[in-house]
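Architecture and fold: a report
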Amino acid sequence: MSESTAKEWPALEASMAGRQNEMPVESAKLGRVMPMGRLSKLMYPDAYAVTGPMGTVAMNRELIEKDKQNIDDVLTHELAHVGQGSRGFMRKFYEPNKVEDEAVNREALRNVRREDIRLPDNGQIDPTIAERSRKVTRKKSNPKAEPGLLQRIFGREEMMPPENITGPRG
């Protein structure tokens, strides 16, 4: 990253230092991190960043800040593409989903605590999951021991189990 980019975008510099610790192999392959130029913004208007075949990463600061994206996630995603190398760049043309899935998974599996996870609202989310996952609280019950077979046959109280034994739980 150039000094001018680091001065203009200190959050990017700080995030890059963290990603170098998290992803040292990919960071070693990284060519350069720079702001996204006009041509890249025209070609990829919805991209937060793009990775070139030689390991360069161009970041779209305006879109990242407008959409309030986590810059650490964006850099992790792009560093995953850097780690795929030129072979990953070529795979983008015949296996685009696999190339993106690897980067998305790397981003999603970061060991961080997240406040909120944005899930797509495609109608497939079961709204009762949260209700069913709540801890079931059982009412305290103290069932009376019913007479067992031996009690009924012989009529002896010593055959009754003690009252503190409740039997199997259901």
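The notes below deal with the structure included here. (Residues numbered from 1 in each chain as written. Predicted model: local features only at pLDDT ≥ 70, side-chain atom pairs only at ≥ 80, totals over all residues. Heavy atoms only, no water.)

**Concerning the sheet that holds strand β1 (residues 32-35)**
- Strand order in this open sheet of 3 strands is β1-β3-β2, and the pairing throughout is mixed. On the outer flanks of this sheet lie β1 and β2 (49-51), each paired with one strand and no other. On average, adjacent strands in this sheet sit at an angle of 20° to one another, irrespective of strand direction.
- Relative to strand β3 (residues 56-59), β2 is paired through 3 bridges, and the arrangement is antiparallel. Bridge pairing in β3 links V50 to A58.
- Sitting on the sheet, helix α6 (residues 71-94) touches β2 and β3, and the angle it makes with β2 is about 20°. (Pairing = 2+ DSSP bridges. Helix = DSSP H or I, 4+ residues; strand = E, 2+ residues; numbered from the N terminus. Axes fitted to C-alpha atoms, helices over the stretch in contact; angles between N-to-C directions. Contact = heavy atoms within 4.5 Å.)

**Regarding the packing of helix α2 (residues 10-22) against α6**
- Direction vectors running N to C along α2 and α6 enclose 50°, while the axes themselves pass 9 Å from each other. Put simply, α2 runs oblique to α6. Crossing of α2 over α6 shows right-handed handedness. Packed against α2, whose contacting residues are A11, L12, S15, M16, R19 and E22, the element α6 presents I71, D72, L75, T76 and L79 at the interface.
- Of the residues in the contact of α2 with α6, the class split is 6 nonpolar, 2 polar and 3 charged. (Parallel < 35°, antiparallel > 145°, perpendicular 65-115°, else oblique. Left-handed = near helix turned anticlockwise from the far one by under 90°. Nonpolar A, V, L, I, M, F, W, Y, C, P; charged D, E, K, R; others polar.)

In short, geometric facts, not functional conclusions.
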